[in-house]
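Commentary on secondary and tertiary structure
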Amino acid sequence: MGGGLQPGGALSSRRARRRSARPMSEINVTPMVDVMLVLLIIFMVTAPLLTVGVPIELPKSEAKQLEGDKEPLTISVDPEGKIFLQETELQIEEIVPKLTAIAKNGYDERIFVRGDRRVNYGVVMRVMGTISAAGFRRIALISDLEEKPQ
């Protein structure tokens, strides 16, 4: 009477173990959300620093900023007259082949020209003339916003 198996005793304990050992069907998304928020903050802080890495001092202007739908190609002319496409230095003869190779919109690609305020005006005009002569129609000069005394 004491020590005997109860009818269905061993079978019912296996079923109970199976129920408790069943994997959870819920996913804990809190760690993933935490990681995404940290990445968002990192990208928000670093994105303005990644624009163009050629250090130049832009001239001041009162013109309003152009609104664009995507990042344009940028050609920079530093104080020594060196020409850069994005961050890659190149000669003036190499501008047109490089632009036509990477322009996604063909000759309608938006191209910004950044010229240091200390560089010879003729160098900037030569770069713009070369781009324009190649058939590119959307060329713009970049400047800093002029601060008005209040």
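Let me sum up the structure you'll find in this document.

The rules behind the values
Residues numbered from 1 in each chain as written. Predicted model: local features only at pLDDT ≥ 70, side-chain atom pairs only at ≥ 80, totals over all residues. Heavy atoms only, no water. Pairing = 2+ DSSP bridges. Helix = DSSP H or I, 4+ residues; strand = E, 2+ residues; numbered from the N terminus. Axes fitted to C-alpha atoms, helices over the stretch in contact; angles between N-to-C directions. Buried < 20%, exposed > 50% of the residue type's maximum accessible area, 1.4 Å probe, protein only. Right-handed = clockwise from strand over helix to strand, strands pointing away.

An order of β4-β3-β2-β5-β6 is seen for the five strands of this open sheet, with the pairing classed as mixed. At either margin of the open sheet sits one strand with a lone partner, and together these are β4 (88-90) and β6 (138-142). Strand-to-strand twist in this sheet, taken as the mean axis angle between neighbours without regard to direction, amounts to 30°. In this sheet, strand β3 (residues 83-85) lies alongside strand β2 (residues 73-77) in antiparallel orientation, the contact comprising three bridges. Bridge pairing in β3 links V77 to I83.

On to the pairing of strand β5 (residues 110-115). Counting buried positions along β5 gives five out of six residues, so the element sits mostly inside the fold. Here β2 runs beside β5; their pairing, made up of five bridges, is parallel. Looking across to β5, one finds that V77 is bridged to G115. Both β5 and β6 contribute to a ladder of five bridges, which runs parallel. When the sheet's bridge partners are listed, F112 is paired in β6 with A140. Handedness of the crossover joining β5 and β6 through helix α4 (residues 121-133): right-handed.

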